[in-house]
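Commentary on secondary and tertiary structure
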Amino acid sequence: MLPENYMQRVINLAQLGAGNVSPNPMVGAVIVHQGRIIGEGYHQKYGEAHAEVNAINSVLQQYPDAQILLQQSTIYVSLEPCSHYGKTPPCALLIIKYKIPKVVIGCTDPNPSVSGQGIVLLKNAGIEVIVGVLAQACMALNKRFFTSITQQRPYVILKWAQTADGFFAPANGQQHWITSAPAKTLVHKWRAEEDCILVGTHTAKIDNPQLNVRLLAGRNPKRAFIDRDLSLPKDFFLLDNSQETFVFNSQKTTIQGNTKYIAIEEFDYLLPQYILYQLYLNDVQSLIIEGGAKTLQTFIDTGLWDEARVFTSAKNLSAGIKAPHIKGNTVSVDTVGNDELKIIIPLKN
């Protein structure tokens, strides 16, 4: 098999950690001995063993002569092995300990605690290191992690549904479902994969959303909403303390159970920047903004978004609140139930 084939397997393994490893990156590892995979692993949960550890342990558990095999093998890993002590010991030192002679890395780690130091450790130990196999795919795998490290903000996903004639909601302010059941289920899957969900004041009051995962199995994300004057009724779901929840307001900064009130000094053009930085400080690596139209448009206008997922229904409203206006590159168009799903990314400068 080609190195790219092994690295693709590594990426597939890493993706199994989606939704469970943040704020760490998703990482996979494969150990190959004479053209045969003898060990695999991936980072399964934040605070627990990294991919390289799990891959090496899988070899140790399967083969009586594991240490000899490891000394004749190549380990493929999607991200540069860590070189620092964090929740777990450095993976680079573990590779050196078991004398694995060759390491193939998808991409380097931008984290200042690593940033090439893992590669230096390996090379200084006499290990052959190859970097850049399926590099773009490996970077795309951890676009949330890279955005957090390099831009000090979460990776921002905009999500909304609109009618065929371009409306977001009825003018009367009542709750109105636009998409079909399969689209709703897909949204809950997305929620389970990301760190936090944000809505604006109007959406919070009209929909009384739970912002959790109910339509399939998965962990609940953190929740966030904008409530400048703290006017949301106390008996609404967002204030039920069932999930960690951030309330961006102008009144107070305090913690009440699982609810964190964060005061923002100015509710102006810089509001998105303030919100994203506060979420970054709270280890939120990815954010889905689910509404309303004004909140979505504010993030669009300030250029603080990385991806938009737009459902378009066959329904028409004829009048109402117009859907957000966005310009970007459409990277995919799919059918979900009776709806069209378009994925859009920002235009490159």
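Residues numbered from 1 in each chain as written. Predicted model: local features only at pLDDT ≥ 70, side-chain atom pairs only at ≥ 80, totals over all residues. Heavy atoms only, no water.

Digging into the pattern of salt bridges
- Following the criterion strictly, the structure yields 11 salt bridges and no others.
- Across the pair Arg-153 and Asp-306 runs a salt bridge whose closest N-O atoms are separated by 2.8 Å. Here Arg-153 is found in the loop between α7 (143-151) and β6 (155-162), whereas its partner Asp-306 is found in the loop between α11 (293-301) and β14 (307-312), with 153 residues between them in sequence. A single burial state applies to Arg-153 and to Asp-306, both of which are buried.
- A salt bridge links Arg-191 to Glu-290; the shortest N-O distance between them is 2.9 Å. Pair noted here: Arg-191 is in helix α8 (residues 181-193) and Glu-290 is in strand β13 (residues 286-291), with a separation of 99 residues, a long-range link. (Salt bridge = Lys/Arg side-chain N within 4 Å of Asp/Glu carboxyl O. Helix = DSSP H or I, 4+ residues; strand = E, 2+ residues; numbered from the N terminus. Buried < 20%, exposed > 50% of the residue type's maximum accessible area, 1.4 Å probe, protein only.)

What to know about empty space enclosed by the protein
- If you walk through the whole model with that rule in mind, you get 1 cavity of 30 Å³ or more.
- Considered as a void within the structure, the largest cavity measures approximately 30 Å³ in volume.
- Lining of the largest cavity is provided by Phe-225, Asp-227, Leu-230, Leu-232, Lys-234, Leu-239, Val-247 and Tyr-261.
- Here the lining of the largest cavity is composed, by residue class, of 6 nonpolar, no polar and 2 charged. (1 Å grid on protein atoms, 1.4 Å probe; cavity = no way out; pocket = protein on both sides within 12 Å on 5 of 7 lines; lining within 4 Å. Points joined across faces, edges and corners; volume = space filled by probe spheres on them. Nonpolar A, V, L, I, M, F, W, Y, C, P; charged D, E, K, R; others polar.)

Some words on the sheet that holds β14
- Read from one edge of the open sheet, 10 strands run β11-β12-β10-β9-β8-β13-β6-β14-β17-β16, paired in mixed fashion. Looking at which strands have only one partner, the edges of the open sheet turn out to be β11 (254-256) and β16 (329-336). Each adjacent strand pair in this sheet contributes to an overall mean axis angle of 20°, direction not counted.
- Relative to strand β17 (residues 339-345), β14 is paired through 5 bridges, and the arrangement is antiparallel. Bridging across to β17, Thr-312 finds its partner in Glu-340. (Pairing = 2+ DSSP bridges. Axes fitted to C-alpha atoms, helices over the stretch in contact; angles between N-to-C directions.)

Some remarks on the sheet that holds strand β2 (residues 36-42)
- What the 5 strands build is an open sheet, ordered β2-β1-β3-β4-β5; its pairing is mixed. Bordering the open sheet on either side are β2 and β5 (128-131), each of which pairs with just one other strand. Ignoring which end each strand starts from, the neighbouring axes of this sheet average 20° apart.
- The pairing of strand β4 (residues 102-107) with β5 spans 4 bridges and is classified as parallel.

Describing the packing of aromatic side chains
- All chains considered together, the criterion is met by 4 aromatic pairs.
- Summarising the aromatic geometry, the rings of Phe-145 and Phe-146 are spaced 5.9 Å apart at their centres and angled 50° between planes, so their arrangement reads as tilted.
- Ring centres of Tyr-277 and Tyr-280 lie 5.9 Å apart, and the angle between their planes is 25°; on these two criteria the pair is classed as stacked. Of this pair, Tyr-277 and Tyr-280 are both found in helix α10 (residues 271-281), 3 residues apart, which corresponds to roughly one turn of the helix.
- Exposure remark for Tyr-280: the relative accessible area of 21% places this residue in the partly exposed category.
- Lys-252 extends its terminal NZ or CZ atom over the ring of Tyr-261, reaching a point 4.3 Å from the ring centre.
- Lying across the ring of Trp-190, Arg-309 places its NZ or CZ 4.6 Å from the centre. (Phe/Tyr/Trp six-rings, centres within 6.5 Å; stacked < 30°, edge-to-face > 60°. Lys NZ or Arg CZ within 6 Å of the ring centre and 35° of its normal.)

A short note on the environment of Glu-290
- A relative accessible area of 11% means that Glu-290 is categorised as buried.
- Expressed as a C-alpha distance, the spacing of Glu-290 and Leu-198, which sit 92 residues apart in the sequence, is 6.2 Å.
- In this structure, Glu-290 is in contact with Lys-159, Val-187, Arg-191, Ile-197, Leu-198, Val-199 and Leu-211, ignoring residues within four places of it in sequence.
- In this structure the side chain of Glu-290 is engaged in a polar contact, spanning 2.9 Å, whose partner is the side chain of Arg-191. (Contact = heavy atoms within 4.5 Å. Polar contact = N/O pair within 3.5 Å; in protein donor to acceptor, adjacent residues only side chain to side chain.)

Thoughts on unusual backbone geometry
- Each neighbour pair has its own omega, and for Ser-22 with Pro-23 the value is 10°, a cis peptide bond.
- Structurally, Pro-23 is set in the loop between α1 (3-14) and β1 (28-33).
- The linkage connecting Gly-291 with the following residue, Gly-292, adopts the cis geometry, with an omega of 0°.
- Its place among the elements puts Gly-292 in the loop between β13 and α11.
- For Leu-211, which is not glycine, the phi torsion reads 55° and is therefore positive.
- Classification of Leu-211 as buried rests on a relative accessible area of 2%.

A word on helix α5 (residues 117-124)
- Those residues of α5 that sit buried are Gly-118, Ile-119 and Leu-122. Angular distribution of buried residues about the axis of α5 spans 100°; they occupy a single face of the element.
- Considering only its buried residues, α5 is in contact with α4 (91-97), β4 and β5.
- Positioned one or two residues after α5, Gly-126 has a phi angle of 85°, which is positive. (Arc of directions from axis to C-beta.)

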